[in-house]
Amino acid sequence: GTLEPGASFSFTFTDAGVNAMRARLLSMIGPDAYRVPISTFHGFCNRVIQENMEYFGHGNLEPVSDLERIEIVRDLLTALPPEHPLREGRKNAFAYENHLRDLFATMKKEDWTPGLVIKHADVFLKDLPDNPAYIYQRNTKTAQKGDPKTALVEEAIARMTRLKTAADLYPKYIHAMERAGRYEYEDMILWVLRAFKKHEALLRTYQERYLYVQVDEFQDTNGAQYHLLRQLIEFWDVPNAFIVGDDDQSIYEFQGARLDNLRDFHDRYRADLETVVLSENYRSAQNILDTAAEVIGQNTIRAVHQ
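The structure reproduced in this document is the subject of the present report. (Residues numbered from 1 in each chain as written. Predicted model: local features only at pLDDT ≥ 70, side-chain atom pairs only at ≥ 80, totals over all residues. Heavy atoms only, no water.)

1. So, the environment of Ala121
Right, so step 1: By the element assignment, Ala121 lies in helix H6 (residues 114–126).
Right, so step 2: What makes Ala121 buried here is its relative accessible area of 2%.
Right, so step 3: Separated by 39 residues in sequence, Ala121 and Met160 place their C-alpha atoms 5.8 Å apart.
Right, so step 4: Filtering out sequence-adjacent residues up to four positions away, Ala121 remains in contact with Met160, Leu163 and Lys164. (Helix = DSSP H or I, 4+ residues; strand = E, 2+ residues; numbered from the N terminus. Buried < 20%, exposed > 50% of the residue type's maximum accessible area, 1.4 Å probe, protein only. Contact = heavy atoms within 4.5 Å.)

Okay, structure coming up:
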């Protein structure tokens, strides 16, 4: 049979991907391709917000500029007392400015709370005495095998302390952004995640509207994007989800994408999952494929091997 208009939704990672998927679909099914919503995750969230402004109320916000973001972070650092771990002993109040901006960006992309960051930092510190990187592995002139590397341990403790206090500033960063009437690109996904969690009827509307969900370049989804997908498909015991991903190709790992999402999806739906392995390559010369195969062969964590 035929799908109801809009009964399926296709996610991809970039606007270029949206255009490529649309063109491919047009070549396959003709004008009906325009009846299939294809969008980035941010585009989908913008659609949800525009269709349900009563749940969001963000109509007066404007995108933050790079300069405004810098000013907000610097204001946070300037307000810290001199003894604060991010200020202590440093003449430059903005020594950790870039670190702070990077941390806040990662927390938004991965949907991390300050509590989660602090918890992982505490686990790291608790495991320090057994971490081989911080223990002498053989006798030296000044230390015995098994002794802690004191200088490294102290530096790690200081680093984790800075991380925890920086994570504590995240709510102040969010409030400062709101007071300034600004938002960041990643905020749209977080707004929709919160609204879906708080308003079950809103979530059900989109779960029931989009009965078939397809995700391209799945290995490049970050934590917030994956949480959004999970919200959309978890209404069904066995969701009609089709994901396309390469566990050897995560080009956005440096931006927060997590290959763990691909493995988690595989494990979560393993019992009902049908895996199709695309083993043919039509783009590269054989010498490139041979070299890539040698490198990929060293990978120990792959969805298709589990």
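This is not the end of the story, as more comes after the structure.
2. Topic: the sheet that holds strand S1 (residues 8–12)
Right, so step 1: Strand order in the open sheet formed by four strands is S2-S1-S5-S6, and the pairing between neighbours is parallel. Each having just a single partner strand, strand S2 (38–40) and strand S6 (240–243) make up the two edges of the open sheet. Between one strand axis and the next, the sheet turns through 20° on average, direction left out of account.
Right, so step 2: Alignment of S1 against strand S5 (residues 212–215), held across four bridges, turns out to be parallel. From the neighbouring strand, Ser8 faces S5, where its bridge partner is Tyr212.
Right, so step 3: Against the sheet, helix H2 (residues 41–51) makes contact with S1, S2 and S5, and its axis sits at roughly 105° relative to S2, the strand it touches most. (Pairing = 2+ DSSP bridges. Axes fitted to C-alpha atoms, helices over the stretch in contact; angles between N-to-C directions.)

3. Things to note about H6
Right, so step 1: Taking 1.5 Å per residue as the helical rise, H6 with its 13 residues ought to reach 18 Å, and the 18 Å between its terminal C-alpha atoms agrees with that figure.
Right, so step 2: Among the residues making up H6, those that are buried are Pro114, Val117 and Ala121. End-on, the buried residues of H6 take up no more than an arc of 70°, which puts them together on one face. Exposed residues lying more than 90 degrees from the buried face of H6 are Lys119, His120 and Lys126.
Right, so step 3: Along its buried surface, H6 packs onto helix H5 (97–110), helix H7 (150–168) and helix H8 (170–179). (Expected span 1.5 Å × (residues − 1). Arc of directions from axis to C-beta.)

4. What about H7?
Right, so step 1: End to end, H7 covers 27 Å across 19 residues, agreeing with the expected 27 Å (1.5 Å per residue, within 8%).
Right, so step 2: If you check which residues of H7 are buried, you get Val153, Ala156, Met160, Arg162, Thr165, Ala166 and Ala167.
Right, so step 3: Against the buried residues of H7 lie H5, H6 and H8.

5. Let's talk about the packing of aromatic side chains
Each aromatic ring pair is specified by the distance between its two centres and by the angle formed by the two planes.
Right, so step 1: Counted by the stated rule, this structure contains 17 aromatic pairs.
Right, so step 2: Geometrically, the ring pair formed by Phe9 and Phe11 is tilted, given 4.8 Å between the ring centres and 40° between the ring planes. Both residues of the pair, Phe9 and Phe11, belong to the buried class.
Right, so step 3: On the numbers, 5.0 Å between centres and 80° between planes, the contact of Phe9 with Phe44 is edge-to-face. Taken together, the residues Phe9 in strand S1 and Phe44 in helix H2 connect sequence positions 35 residues apart. Phe44 carries the same exposure label as Phe9, and that label is buried.
Right, so step 4: Grouping aromatic residues by their ring pairs yields a cluster made of Phe9, Phe11, Phe41, Phe44, Phe196, Tyr206 and Tyr210.
Right, so step 5: The residue whose ring lies beneath Arg74 is Phe94, and the NZ or CZ to ring-centre distance is 4.5 Å.
Right, so step 6: The ring of Tyr136 is capped by Lys149, whose NZ or CZ atom sits 5.8 Å from the centre of that ring. (Phe/Tyr/Trp six-rings, centres within 6.5 Å; stacked < 30°, edge-to-face > 60°. Lys NZ or Arg CZ within 6 Å of the ring centre and 35° of its normal.)

6. What to know about the nonpolar core
Right, so step 1: Counting 53 residues, the largest nonpolar core has Phe44 and Phe196 as the members making the most contacts within it.
Right, so step 2: In terms of residues, this core owes the most to one element, helix H9 (residues 187–198), which gives eight residues.
Right, so step 3: Ignoring anything within four residues of it in the chain, the contact list for Phe44 reads Phe9, Phe11, Ser39, Tyr206, Tyr210, Leu228 and Leu232.
Right, so step 4: Leu25, Ala33, Val36 and Ile38 belong to the second largest nonpolar core, which has six residues in total. (Core = buried A, V, L, I, M, F, W, Y, C linked by side-chain atoms within 4.5 Å.)

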